[in-house]
Amino acid sequence: MLFPVTVDGAWRATRTLWLLLLVSLSVCICVCRASAPQEEDSAMENIVTEKKAEESHRQDSADLLIFIMLLTLTILTIWLFKHRRFRFLHETGLAMIYGLLVGVVLRYGIHVPRDVSNVTMSCHVNASPATLLVNVSGKFYEYTLKGEIGANEVNSVQDNEMLRKVTFDPEVFFNILLPPIIFHAGYSLKRRHFFRNMGSILAYAFLGTVISCFFIGLLMYGCVTLMKQVGQLGGDFFFTDCLFFGAIVSATDPVTVLAIFNELQVDADLYALLFGESVLNDAVAVVLSSSIVAYQPEGDNSHTFEVMAMLKSFGIFLGVFSGSFALGVATGVVTFTKLRDFQLLETALFFLMSWSTFLLAEACGFTGVVAVLFCGITQAHYTYNNLSPESQDRTKQLFELLNFLAENFIFSYMGLTLFTFQNHVFNPMFIVGAFLAVFLGRAANIYPLSFLLNLGRRNKIRSNFQHMMMFAGLRGAMTFALSIRDTATYARQMMFSTTLLVVFFTVWICGGGTTQMLSCQRIRVGVDSDQDNSVSSERRSTKQESAWLFRIWYNFDHHFLMPILTHSGPPLTATLPPCCGPLARFLTSPQAYENEGQLKDDDSDLILTDGDINLTYGDITVSTDATGAHTSSGPAFAGIMSCPPSQIPTTACGCEDNLSTQTQTTVRLRLTRAMKQKSST
């Protein structure tokens with residue numbers, strides 16, 4: 001009786017097990033069937049996302065390839081122009097033409113078909129969020145702000161995708177393209193002619209830029225008021241906007257003119273005036289535009305005139321400029337390296353420290369343009385002397401190359417932007433008023449200041465120089481970068497579109513007519529700026545025109561700063577009082593003793609007062625007389641005066657065992673100059 005019961009129980013258990021197995025299998029099949037569409041949809045979504053990312057990468061590569069091809073074509077055409085001695089069109093104007101042609105093709109020749117439908121939904125917010133999170137069926141997607149578009153452009157967003165791709169973030173210009181341009185201007189500055197005309201350069205750069213800013217701002221405010229009266233103004237345009245426009249178009253960039261000046265070897269003083277003004281007024285225009293933006297009166301209306309707000313804005317101008325100046329000089333002073341045995345590392349460190357000056361100033365709330373400019377000037381004066389000869393050549397060539405590529409890239413992008421920018425506002429009345437205001441503002445800057453400066457100058461700024469400076473007031477990279485940085489409002493969009501036209505006209509017409517203008521004004525060319533001026537009156541006038549403040553500074557720099565920060569100049573043991581002997585020996589490097597008495601550059605002929613140069617080498621004394629010429633005396637000097645300069649023996653000094661090779665070369669140079677002076681008299 002027990003056996004059947006056992007078999008029956010086992011059969012029931014087996015049946016129950018099979019039933020549970022079938023139920024579980026049915027449930028699994030149902031779940032798999034339910035989840036299969038979701039997994040398939042997720043897989044398809046991942047494939048689509050990866051495909052879009054790959055297409056975006058390829059599109060970005062194609063956009064960069066366009067600019068590379070533009071630069072390549074520009075360089076090849078420049079070579080052809082230089083080979084044929086064709087000076088009517090400079091490479092910057094040529095780069096703009098190529099950019100215009102590519103912009104026309106991108107705007108009207110290429111259309112991207114729409115593969116998605118645009119869904120517009122209403123969302124009531126007080127301000128446009130920079131990042132938007134969208135919940136779609138439980139999944140969150142992040143979207144970034146591209147900018148405001150018109151109601152009639154909603155259906156053509158996908159068609160404009162390629163145009164958006166080739167439109168760079170404005171911060172790219174300020175953080176990547178502008179630093180090498182501004183740094184190269186300070187690093188390659190010819191200090192000899194810069195200090196000779198320092199007072200005039202400061203007057204044109206500071207007073208002239210402020211005069212031009214307010215003059216253009218007042219004229220444009222009258223133009224805007226007239227536009228409002230006749231009903232041609234489609235949005236708000238305040239007086240502060242007019243002043244901002246005056247500030248950005250006051251930044252001159254005569255790169256075309258200066259390149260032709262350098263090629264033709266135009267008068268060094270005219271070159272120094274134009275170059276020095278363009279270098280400094282870029283920095284002034286940046287700080288001035290920032291101060292105008294910071295102008296915020298108290299009350300409901302933020303565009304009314306208020307004395308306290310104006311004084312606050314002026315204080316911001318002084319604070320930002322002085323802070324940027326101090327930061328740039330401090331960074332340039334501390335950037336001296338001890339990596340002379342590893343030239344590649346030395347150059348890399350110099351490059352990174354120079355570039356970080358710009359970013360450090362911007363991060364601290366100052367202006368990177370001012371900081372990196374004075375960093376370049378300081379490093380050219382101090383750090384350059386501490387670098388190895390290989391690094392000296394490498395840094396100059398590196399920043400010259402970066403300046404060339406960045407400048408031509410910006411001008412190519414200007415031409416491209418005329419057709420690819422989505423929010424242009426062209427108003428004929430505003431454009432005509434802007435052209436008149438720009439040229440009148442330049443005239444109000446050059447002619448009155450030149451008249452006032454000539455009252456105290458021995459070497460007058462002649463009228464033909466003034467006309468050439470007026471004609472050479474081109475607008476370029478800095479004006480474009482300042483105008484494209486903010487195009488959110490109607491006023492800024494109109495200013496940006498008009499600025500592009502002003503840059504095109506000045507580069508093509510004024511830059512292209514430089515050679516003809518030089519001939520018309522009868523300005524001499526073929527002048528060697530590095531040659532010694534044998535005319536004593538010119539040297540005397542130069543010494544008298546060098547401001548006493550800079551003469552004092554140069555003497556202080558030559559006797560104290562140069563021995564500390566470089567390995568040249570007199571050692572501190574010879575310049576400091578005897579009580580400071582231990583400190584002087586601690587701060588003076590061994591190289592300074594080897595280079596004792598050596599003059600660093602030809603700035604000394606222009607800034608030091610008479611009698612400041614008095615070098616003794618063995619039995620020979622080399623000094624400057626009242627005319628600025630070099631004289632020498634000593635027993636050995638009489639014996640070598642009859643020798644040709646190439647046969648002057650180094651041992652004539654009687655100090656070949658105590659002086660370095662570089663110092664012996666300096667002695668030979670001084671003796672050669674003295675012989676020339678004696679033969680001419």
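Residues numbered from 1 in each chain as written. Predicted model: local features only at pLDDT ≥ 70, side-chain atom pairs only at ≥ 80, totals over all residues. Heavy atoms only, no water.

**Quick notes on the overall build of the protein**
A count of helices and strands for the protein gives 27 helices and five strands. Looking at the protein as a whole, 45% of its 681 residues are labelled buried. For the protein, the share of sequence-separated contacts (at least 6 apart) that also reach a separation of at least 24 residues comes to 78%. Here the protein displays about 35300 Å² of accessible surface, and carbon together with sulfur accounts for 63% of that area. (Helix = DSSP H or I, 4+ residues; strand = E, 2+ residues; numbered from the N terminus. Buried < 20%, exposed > 50% of the residue type's maximum accessible area, 1.4 Å probe, protein only. Contact = heavy atoms within 4.5 Å. Areas by Shrake-Rupley, 256 points an atom, 1.4 Å probe, with all protein chains shown as cover.)

**Things to note about helix α7 (residues 239–248)**
Counted residue by residue, α7 has nine buried out of ten residues, so it is predominantly covered. Within the sequence span of α7, burial applies to Thr240, Asp241, Cys242, Leu243, Phe244, Phe245, Gly246, Ala247 and Ile248. Residues of α7 that are buried in the fold lie against α6 (198–230), α9 (268–293), α15 (428–454), α17 (477–484) and α18 (490–512).

**Some points on the packing of aromatic side chains**
A full pass over the atoms with the stated rule returns 25 aromatic pairs. Relative to Phe496, the ring of Phe480 has its centre 5.9 Å away and its plane inclined at 45 degrees; by these criteria the two rings are tilted. Placement of the pair is Phe480 in helix α17 and Phe496 in helix α18, with a sequence separation of 16 residues. With respect to burial, Phe480 and Phe496 carry one shared label: buried. Taken together, the ring pairs connect Phe183, Tyr187, Phe350, Phe351, Trp355, Tyr384 and Phe399 into an aromatic cluster. Over the ring of Phe465 we find Arg462; its NZ or CZ atom is 4.3 Å from the centre of that ring. (Phe/Tyr/Trp six-rings, centres within 6.5 Å; stacked < 30°, edge-to-face > 60°. Lys NZ or Arg CZ within 6 Å of the ring centre and 35° of its normal.)

**Comments concerning the packing of helix α14 (residues 389–420) against α18**
At a closest axis distance of 11 Å, the pairing of α14 and α18 adopts a crossing angle of 130 degrees. Relative to α18, the element α14 is oriented oblique. Seen from above, α14 lies across α18 with left-handed handedness. Mapping the contact onto sequence places Phe411, Met414, Gly415, Thr417 and Leu418 in α14 and Phe496, Leu500, Leu501, Val503, Phe504 and Val507 in α18. The class makeup of the residues in the contact of α14 with α18 is nine nonpolar, two polar and no charged. (Axes fitted to C-alpha atoms, helices over the stretch in contact; angles between N-to-C directions. Parallel < 35°, antiparallel > 145°, perpendicular 65-115°, else oblique. Left-handed = near helix turned anticlockwise from the far one by under 90°. Nonpolar A, V, L, I, M, F, W, Y, C, P; charged D, E, K, R; others polar.)

**Examining the pairing of strand β2 (residues 139–144)**
Burial analysis of β2 places just zero of its six residues in the buried class, which makes it a mostly uncovered element. Between strand β1 (residues 131–136) and β2, which pair antiparallel in sequence order, lie two residues; one of them, Ser137, sits at a positive phi of approximately 55 degrees. (Pairing = 2+ DSSP bridges.)

**Details of the nonpolar core**
In this structure, Met220, Phe237, Phe261 and Phe480 are the most contacted members of the largest nonpolar core, which totals 122 residues. Counting residues per element, this core draws most heavily on α9, at 13 residues. There are two domains that each give this core at least three residues, and those are domain 1 (1–35 + 50–86) and domain 2 (170–297 + 307–527). Leave out the neighbours within four places in its chain, and Phe480 touches Phe173, Ile410, Tyr413, Met414, Thr417, Phe496 and Leu500. (Core = buried A, V, L, I, M, F, W, Y, C linked by side-chain atoms within 4.5 Å. Domains from an automatic or database assignment.)

**A short note on α9**
An α-helix turns once per 3.6 residues; consequently, residues spaced three or four apart project the same way. Compared with an ideal rise of 1.5 Å per residue, which puts 26 residues at 38 Å, α9 spans 37 Å between its outermost C-alpha atoms and is within 8% of the ideal. With respect to burial, α9 is a largely interior element, 23 of its 26 residues being buried. Regarding α9, its N-cap is Asp267, as a side-chain oxygen of that residue lies 3.0 Å from the backbone nitrogen of Asp269 further along. (Expected span 1.5 Å × (residues − 1). Polar contact = N/O pair within 3.5 Å; in protein donor to acceptor, adjacent residues only side chain to side chain.)

**Digging into the pairing of β1**
Within a regular strand, side chains alternate between the sheet's two faces. Both β1 and β2 contribute to a ladder of six bridges, which runs antiparallel. Its bridge partner being in β2, Thr131 is matched across the sheet by Thr144.

**Details of unusual backbone geometry**
Even without being glycine, Arg522 reaches a positive phi, approximately 55 degrees. Of note, Arg522 is situated in the loop between α19 (514–521) and α20 (536–545).

**Here's the deal with the packing of α9 against helix α16 (residues 463–471)**
Packing of α9 against α16 leaves a shortest axis separation of 11 Å and a crossing angle of 35 degrees. Of the two possible hands of crossing, α9 and α16 adopt the one that is right-handed. Only Phe465, Met468 and Met469 of α16 make contact with α9, whose side of the interface consists of Leu270, Leu273, Leu274 and Glu277. Its residues assigned to classes, the contact of α9 with α16 comprises six nonpolar, no polar and one charged.

**A closer look at the pattern of salt bridges**
Following the criterion strictly, the structure yields three salt bridges and no others. For Arg524, the salt bridge is made with Asp267, and the minimal N-O distance between the two is 2.9 Å. Taken together, the positions of Arg524 in the loop between α19 and α20 and Asp267 in the loop between α8 (255–264) and α9 put the pair 257 residues apart, joining distant regions of the chain. Across the salt bridge formed by Arg442 and Glu277, the nearest N and O atoms sit 2.7 Å from each other. A residue pair is termed long-range when its members are at least 10 positions apart, and Arg442 in helix α15 and Glu277 in helix α9 qualify at 165 residues. Of the two residues examined, Arg442 and Glu277, each falls in the buried class. (Salt bridge = Lys/Arg side-chain N within 4 Å of Asp/Glu carboxyl O.)

**A closer look at the state of the cysteines**
Counted by the stated rule, this structure contains zero disulfides. With no disulfide of its own, Cys223 has Cys242 as its nearest cysteine by sulfur position, at a separation of 8.4 Å. (Disulfide = S-S within 2.5 Å.)

**A short note on a nonpolar patch on the surface**
On the surface, a cluster of nonpolar side chains totalling about 610 Å² of accessible area is made up of Leu207, Ile211, Phe215, Leu219, Val432, Leu436 and Leu440. Looking at the nonpolar patch, the elements with two or more residues in it are α6 and α15. Counting residues per element, the nonpolar patch draws most heavily on α6, which supplies four residues. Within the secondary structure, Leu219 sits in helix α6. (Patch = residues over 30% accessible without salt bridge, like charges linked within 9 Å, V, L, I, M, F, W, Y side chains within 5 Å.)

**Considering the confidence of the model for the protein**
Residues of the protein with pLDDT of at least 70 account for 67%, and the chain-wide mean is 74. When pLDDT is averaged over each element of the protein, α15 comes out on top at 94 and strand β3 (residues 614–617) at the bottom at 40. When the criterion is pLDDT under 50, residues 1–5 qualifies, and its contacts beyond four places in sequence or with other chains add up to zero contacts. Counting contacts from residues 532–545, a segment whose pLDDT is below 50, to residues more than four positions away or on other chains yields 27 contacts. (pLDDT = per-residue confidence, 0-100.)

**Re the environment of Ala268**
Inspection of the secondary structure assignment puts Ala268 in helix α9. Judged by relative accessible area, which is 12%, Ala268 ranks as buried. When the C-alpha atoms of Ala268 and Val525 are compared, they prove to be 9.5 Å apart, with 257 residues separating the residues in sequence.

**Some points on the side chain of Asn454**
As for its placement among the helices and strands, Asn454 is situated in helix α15. Of the residues examined, Asn454 reaches a relative accessible area of 15% and is grouped as buried. Beyond its immediate stretch of four places on either side in the chain, Asn454 contacts Lys460, Ile461 and Gln466.

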